[in-house]
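Observations on the model geometry
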Number of protein chains: 2
Amino acid sequence: MLKLYSFSQSSASYRVRIALALKGLEYDVLGVNLIENAHQSEEYKKLNPQGRVPYLIDGENGLAQSLAIIEYLEEKYPNPSLFPKDIFARQKSRAFAHAIAADIFPLQNLSTRRKIGEDFGQSVEDQAKWSAFWIARGFLGLERELQNNPPQTEYLFADYPTIADICLVPQWNNAVRYGVDLTQFPILASFDKKARNHIAFTTTAPETQK
Amino acid sequence: MLKLYSFSQSSASYRVRIALALKGLEYDVLGVNLIENAHQSEEYKKLNPQGRVPYLIDGENGLAQSLAIIEYLEEKYPNPSLFPKDIFARQKSRAFAHAIAADIFPLQNLSTRRKIGEDFGQSVEDQAKWSAFWIARGFLGLERELQNNPPQTEYLFADYPTIADICLVPQWNNAVRYGVDLTQFPILASFDKKARNHIAFTTTAPETQK
């Protein structure tokens, strides 16, 4: 049985929970409470030296990094696919996912917010403003791309959820939390709404996790 | 002919230049000077709404995000491969690349340093300290992973350069620039040294670009 080290509120963990649900894979969840710094404990770092979640155990192998885990799941369990079939659509889907995972998420996550609090004396409110800035900047680029080339598909770049949808919904939750004006992103909003009502997204959402 | 929008000093652009060289692909380079904010011009954003480099043009298609571009190149031109053959080694190679591309690079790049300068009044020296913190933290995790499971391969996770080496060398250059104590990372140092002397890395290095 697969084992997933995960935290309910972690966007990156949520991505992998969605992917596992879409693939119909069963797994045990082991909670790592980021608020309580469980990911920075020596015990956890012995397991995963990067000190982050998610971390997937498959037999003898420990697998880090949410998008790299999703690529692995796609190779090992290709059906149903989490990527479009066309090579250019597949690139667009990955590029969308990476724009969130690299250009938005790391700048607004817990460890970064804590660091600007500690180093620069920023209040929790100012930390939220910082987070909102990066989310809005990233979403504006993605919205404009979709405006330029509106997808004719049910989900982002395919008629089934892809790695792009898997990254969008958790990031949208953070955008809501930090008070981003989401009326600027009508196309993203429509794809977010479609995906978040899919059973693989609802059954793995933060509020369903203990 | 492929066209690459690139900036000499951009680590993410350097990744794609290495990948193109390893694949033996020819391309035209179009310079986008990040220091002069050319990536934030309306003209450039019409092309690439994310306002970042690299951006690869293949025929009618514009491709964003360095790692998504590398996955695309691997699918379209599979030989020589930039990924290990074994599924677990492939996951490790991607996870290593993502740890740099998502957990280190975005926190220390130009737009983030500028933002902490503008918002929090941090001097250029303090910005460098901020960058060094994230690089050291990320490299420590990766070094410890390699200590736990020393690769028996010439390059990271294969006997030829993979996406992991492609991410390591540009990030190592930034570590040098920001004064990170690199004696902490002997295993990373040995893999960096091996890769940076490979012809695909030397011929595309920042100092070779106009």
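Predicted model, so just to flag it, every value in this text is computed and none were measured.

1. Concerning the overall build of chain A
Across its full length, chain A holds 10 helices and four strands. When the elements of chain A are put in sequence order from the N terminus, they spell out β-α-β-α-β-β-α-α-α-α-α-α-α-α. For chain A, whose C-alpha radius of gyration is 17 Å, the value lies close to the compact-globule estimate of 17 Å for 210 residues. Across the 210 residues that make up chain A, the buried fraction comes to 60%.

2. Some thoughts on the interface of chain A and chain B
Contact residues are listed per partner, giving 51 residues for chain A and 51 residues for chain B. Each partner contributes to the roughly 4,700 Å² buried at the junction of chain A and chain B, and carbon and sulfur atoms together form 58% of this total. When the buried surface of chain A facing chain B is broken down by residue, Phe88(A), Gln91(A) and Phe120(A) rank first, second and third, together holding 14% of it. Viewed at the interface, chain B and chain A are joined by 10 salt bridges.

3. Structural notes on the pattern of salt bridges
This structure, assessed with the given rule, holds 22 salt bridges over all chains. Asp103(A) is paired through a salt bridge with Arg52(B); the nearest N and O atoms lie 3.3 Å apart. With Asp103(A) in helix H4 (residues 87–103) and Arg52(B) in the loop between helix H2 (42–47) and strand S3 (55–58), this residue pair bridges two chains. Judged by relative accessible area, Asp103(A) falls into the buried class, the value being 16%. Accessibility expressed as a relative area gives 16% for Arg52(B), which makes it buried. Arg196(A) is the partner of Asp192(A) in a salt bridge, and the nearest nitrogen-oxygen pair spans 2.8 Å. On the criterion of helical spacing, the pair formed by Asp192(A) and Arg196(A) is a turn pair, its members being four residues apart in helix H9 (residues 186–196). Owing to a relative accessible area of 3%, Asp192(A) belongs among the buried residues under this scheme. Exposure remark for Arg196(A): the relative accessible area of 27% places this residue in the partly exposed category. Here the salt bridges share partners, and the residues they tie into one network are Glu71(A), Glu75(A), Arg90(A), Arg94(A), Glu71(B), Glu75(B), Arg90(B) and Arg94(B).

4. Some words on the pairing of strand S2 (residues 27–31) of chain B
Remark: a regular strand shows side chains that alternate across the two faces of the sheet. Residue and element names in this part refer to chain B. Pairing of strand S1 (residues 2–6) with S2, which is carried by five bridges, proceeds in the parallel orientation. Residue pairing in the sheet places lysine 3 in a bridge with aspartate 28 of S2. After leaving S1, the chain enters helix H1 (residues 11–22) and then returns to the sheet as S2, a path that is right-handed.

5. Some thoughts on the sheet that holds strand S4 (residues 61–64) of chain A
Residues and elements named next belong to chain A. Overall, mixed pairing links the four strands, which are arranged S2-S1-S3-S4 in an open sheet. Where the open sheet ends on each side, the last strands, each with one partner, are strand S2 (27–31) and S4. Each strand of the sheet is rotated relative to its neighbour by a mean of 20°, with strand direction disregarded. Inspection of the sheet shows strand S3 (residues 55–58) paired to S4 by four bridges, in the antiparallel sense. Counterpart to leucine 56 in the pairing with S4 is leucine 63. Taken strand by strand, helix H1 (residues 11–22) contacts strand S1 (2–6), S2 and S3, and its axis lies near 155° from that of S1.

6. Some words on the packing of helix H4 (residues 87–103) of chain B against helix H8 (residues 163–177) of chain B
Residue and element names in this part refer to chain B. Packing of H4 against H8 brings their axes to within 7 Å, and their N-to-C directions diverge by 25°. Taken together, the axis directions place H4 and H8 in an arrangement best described as roughly parallel. Classified by chirality, the crossing of H8 by H4 is left-handed. Contacts between H4 and H8 involve Ser93, Arg94, Phe96, Ala97 and Ile100 from the former and Ile163, Ala164, Cys167, Leu168 and Gln171 from the latter.

7. A closer look at the domain arrangement of chain A
When the parts of a complex come together, some accessible area is lost, and that lost area is often taken as the interface size. Residues and elements named next belong to chain A. Parsing chain A into structural domains produces domain 1 (2–80) and domain 2 (87–201). Averaged C-alpha coordinates put domain 1 and domain 2 at centres separated by 20 Å. Of the residues lining the interface, 17 residues belong to domain 1; the matching set on domain 2 comes to 22 residues. For domain 1, the biggest contributors to the area lost against domain 2 are Tyr14, Arg15 and Leu67; these three give 34% of the whole. Along the contact surface separating domain 1 from domain 2 lie one salt bridge.

8. Looking at the environment of Ile57(A)
Residue and element names in this part refer to chain A. Mapped onto the secondary structure, isoleucine 57 falls in strand S3. Overall, isoleucine 57 belongs to the buried group, its relative accessible area being 14%. What isoleucine 57 contacts, discounting residues up to four positions off in sequence, is Met1, Leu2, Lys3, Tyr5, Leu47 and Gly62.

Analysis parameters
- Residues numbered from 1 in each chain as written.
- Chains lettered and ligands numbered in written order.
- Predicted model: local features only at pLDDT ≥ 70, side-chain atom pairs only at ≥ 80, totals over all residues.
- Heavy atoms only, no water.
- Helix = DSSP H or I, 4+ residues; strand = E, 2+ residues; numbered from the N terminus.
- Rg over C-alpha atoms; globule rule 2.2 N^0.38 Å.
- Buried < 20%, exposed > 50% of the residue type's maximum accessible area, 1.4 Å probe, protein only.
- Contact = heavy atoms within 4.5 Å.
- Buried area = accessible area lost by both parts, 1.4 Å probe.
- Salt bridge = Lys/Arg side-chain N within 4 Å of Asp/Glu carboxyl O.
- Pairing = 2+ DSSP bridges.
- Right-handed = clockwise from strand over helix to strand, strands pointing away.
- Axes fitted to C-alpha atoms, helices over the stretch in contact; angles between N-to-C directions.
- Parallel < 35°, antiparallel > 145°, perpendicular 65-115°, else oblique.
- Left-handed = near helix turned anticlockwise from the far one by under 90°.
- Domains from an automatic or database assignment.

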